[in-house]
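Here's the letter readout for the chains.
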Amino acid sequence: MVTLLAAPAEPLTDAGDAQLIVAAVLGIAAVVVLIAWGKVHPFLALILGAGVLGVAAGVGAEAIVTSFSGGVGSTVGGVGLLIALGAMIGGLLAESGGADGIVTRIVDRVSGRGLPWAMAGVAALIGLPLFFEVGVVLLVPIVLLVAKRTGVSLMKVGIPALAGLSVLHGLVPPHPGPLVAISSLNADLGLTLGLGLLIAVPTVIVAGPVFGNMISRYVPATIPEALLPTRTPAAVGGAERGAAEQGAAGRRQADVDGELLTEDDLVNPGTGRPGAPVDDTGTETARRAPKFWPAVITVLLPVVLMLLRAIGELTLAEDTAGRRVLDIVGTPIVALLAGVIVAMFTLGFQAGFSRKQVSSVLGGSLPPIAGILLIVAAGGGFKQVLVDAGVGNLVADAAKDASLSPLLLGWLVAVGIRVATGSATVATITAAGIVAPLATTMDRPGVALLALAIGCGSLFFSHVNDAGFWLVKEYFGLTVGQTIKSWSVLETIISVVGFAGVLLLDLLL
């Protein structure tokens, strides 16, 4: 487990408590104002906010740069690799048709009343390796098609799917938010993963099928016909290939960036932007969907390896061969790397991709996460300046004197930053940095629950300053008011129910 730089033995400034409080408020306020009002990219906002915090705390310019750079480097080294590997698995799952196969297999075998539950389960499974936005893009066309074919209300099947994706995104690694919290707090990843899954199940049930059934009565959403999937398998080779390309030209559909997506992009992924000419010389291969169980096993492999390591730590002696093996294969980087390698065969070659195409898919999965990596890295730098200036210790002392639960403090701070900035990642980074000193006084389960409490808070009430709000609004064809009634309330339910689960586990452990 790679952790962020620890706070120095002595703070970088001799500022008093009042000055440190003002510095923290100014630094956080700078990030909030720049993002929410100035519309500045969170990457730049976090850099500038760290500078404001350091200057206000009386930290020297050179020390600010050193502290910030150290936080950026350690964050990228620990969290960045995991995000990149997770994105590669997600890319292969999406491009190969493995995600579509999983969804179709499960949905086709479920009756009308069970569809909301099936969609929640499918979304949770698909959401393990995929980022929320990618999961929405993959699942929404399926949700729309299911709603149209079965006559079930769009909200009844759509809300459970969104709940499954959002809960996994906020509580379960290898998603960026949970990884940042785990790294910042030096929490045990395997234990946090296991507890996160325990909390995720009831949270998805309450926020998904239960809430979806209720809200469908008040939000009569209409299926956007233009977004219904019309994709069919592409044929290749000779006249058949020409016919497929001609048919694809007539069935072009817009992707989330407004670009055109054609059959050719699905047969030859990763070689250019959707709709652009594809250089597929010598790579003509017939595309076929991966089998259901190999796709499911590939998705679950990294999770299982990390969980096995956590179980081994609890049940096996340290000097046994089995424990040593599990410690290695269950290391997050090793587990995700194993997932990528297996996915190359079960999702890549199995789908008929050539070696060049598999490489293109893997490479093409990295540019979309560049912005996320930069935000996470800058957030690590901001957190390090905050900790090195002594603000974290100040908050820890105040919480101790006030007898305020670290779990509640972490949740409340994450809620405040989330509502103000609209960014779950920024909320997680900031809250984790503030409560990090408290984690040193907690046992292993307590630290894991603190990471999950922060994750729950980071999902609270998504509204107009959150990109996910607009993504859901456009894909489901909702008005702003309908999106607030459905999506915003859904996120709040996830946050509150998830935090209630954290408190319950805290009583039991």
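Residues numbered from 1 in each chain as written. Predicted model: local features only at pLDDT ≥ 70, side-chain atom pairs only at ≥ 80, totals over all residues. Heavy atoms only, no water.

## Observations concerning the overall build of the chain
Then comes step 1: The helix and strand inventory of the chain stands at 22 helices and 2 strands.
Then comes step 2: Taken across its 509 residues, the chain has 54% of its residues classed as buried.
Then comes step 3: Sequence separation of 24 or more characterises 79% of the internal contacts of the chain that already satisfy a separation of 6 or more.
Then comes step 4: With the model as given, the accessible surface of the chain reaches about 20600 Å², and the carbon-plus-sulfur share is 66%. (Helix = DSSP H or I, 4+ residues; strand = E, 2+ residues; numbered from the N terminus. Buried < 20%, exposed > 50% of the residue type's maximum accessible area, 1.4 Å probe, protein only. Contact = heavy atoms within 4.5 Å. Areas by Shrake-Rupley, 256 points an atom, 1.4 Å probe, with all protein chains shown as cover.)

## Things to note about the packing of helix α3 (residues 61-95) against helix α16 (residues 370-388)
Then comes step 1: Axis separation between α3 and α16 bottoms out at 7 Å; the angle between their running directions is 135°. Taken together, the axis directions place α3 and α16 in an arrangement best described as oblique. Judged by the sense of rotation from one axis to the other, the crossing of α3 with α16 is right-handed. Taken together, the residues of α16 that come into contact with α3 (itself represented by I64, S67, F68, G71, V72, T75, V76, V79, G80 and I83) are L373, V376, A377, A378, G380, G381, F382, Q384, V385 and D388.
Then comes step 2: In terms of residue class, the contact of α3 with α16 is built from 12 nonpolar, 7 polar and 1 charged. (Axes fitted to C-alpha atoms, helices over the stretch in contact; angles between N-to-C directions. Parallel < 35°, antiparallel > 145°, perpendicular 65-115°, else oblique. Left-handed = near helix turned anticlockwise from the far one by under 90°. Nonpolar A, V, L, I, M, F, W, Y, C, P; charged D, E, K, R; others polar.)

## A closer look at the packing of aromatic side chains
Then comes step 1: On inspection of all chains with the given rule, the structure shows 4 aromatic pairs.
Then comes step 2: Residues F345 and F349 carry aromatic rings whose centres are separated by 5.2 Å and whose planes lie at 75° to one another, so their mutual orientation is edge-to-face.
Then comes step 3: Residue classification places F349 among the partly exposed positions, given a relative accessible area of 26%.
Then comes step 4: Here W411 and F460 contribute two aromatic rings whose centre-to-centre distance is 6.1 Å and whose plane-to-plane angle is 90°, an arrangement assigned as edge-to-face. Of the two residues, W411 sits in helix α18 (residues 406-421) while F460 sits in the loop between α20 (444-457) and α21 (467-476), which places them 49 residues apart along the sequence.
Then comes step 5: Overall, W411 belongs to the buried group, its relative accessible area being 13%. (Phe/Tyr/Trp six-rings, centres within 6.5 Å; stacked < 30°, edge-to-face > 60°.)

## Things to note about the side chain of S458
Then comes step 1: Tracing the chain through its elements places S458 in the loop between α20 and α21.
Then comes step 2: Residue class for S458 comes out buried when judged on its relative accessible area of 2%.
Then comes step 3: Among residues more than four places away in sequence, those in contact with S458 are A414, R418, A424, A427 and T428.

## Brief notes about helix α7 (residues 154-171)
Then comes step 1: Between its terminal C-alpha atoms α7 stretches 26 Å, which fits the 26 Å expected from 18 residues at 1.5 Å a residue.
Then comes step 2: Counting buried positions along α7 gives 16 out of 18 residues, so the element sits mostly inside the fold. (Expected span 1.5 Å × (residues − 1).)

## A look at the nonpolar core
Then comes step 1: Membership of the largest hydrophobic core comes to 145 residues, with the highest contact counts inside it found for L185, F476, L490 and V502.
Then comes step 2: Of all the elements, α3 adds the most residues to this core, at 12 residues.
Then comes step 3: Contacts of V502, omitting those with residues within four sequence positions, involve I199, L407, L449, L452, A453 and C456. (Core = buried A, V, L, I, M, F, W, Y, C linked by side-chain atoms within 4.5 Å.)

## What to know about the pattern of salt bridges
Then comes step 1: Evaluated as defined, the whole model comprises 4 salt bridges.
Then comes step 2: Close ionic contact of D327 with R323 constitutes a salt bridge, the shortest N to O distance being 3.3 Å. In this pair, D327 and R323 both sit in helix α13 (residues 321-329), 4 residues apart, roughly one turn of the helix.
Then comes step 3: Looking at R323, the relative accessible area reads 10%, which means it is buried.
Then comes step 4: Several salt bridges share partner residues, and in doing so they unite R309, R323 and D327 into one network. (Salt bridge = Lys/Arg side-chain N within 4 Å of Asp/Glu carboxyl O.)

## A few points about the environment of L305
Then comes step 1: Mapped onto the elements, L305 comes out in helix α12 (residues 292-315).
Then comes step 2: Between the C-alpha atom of L305 and that of D327, which follows or precedes it by 22 residues, the distance is 9.5 Å.
Then comes step 3: The contacts of L305, once residues within four sequence positions are left out, are V329, G330, A335 and A338.

## Considering the environment of I223
Then comes step 1: Secondary-structure assignment places I223 in the loop between α9 (189-215) and α10 (238-250).
Then comes step 2: A C-alpha to C-alpha distance of 7.0 Å links I223 and G477, two positions 254 residues apart in sequence.

## So, unusual backbone geometry
Then comes step 1: Although it is not a glycine, N186 sits at a positive phi angle of roughly 60°.
Then comes step 2: Although it is not a glycine, F461 adopts a positive phi angle of roughly 40°.
Then comes step 3: Along the chain, F461 falls in the loop between α20 and α21.
Then comes step 4: For F461, a relative accessible area of 29% corresponds to the partly exposed category.

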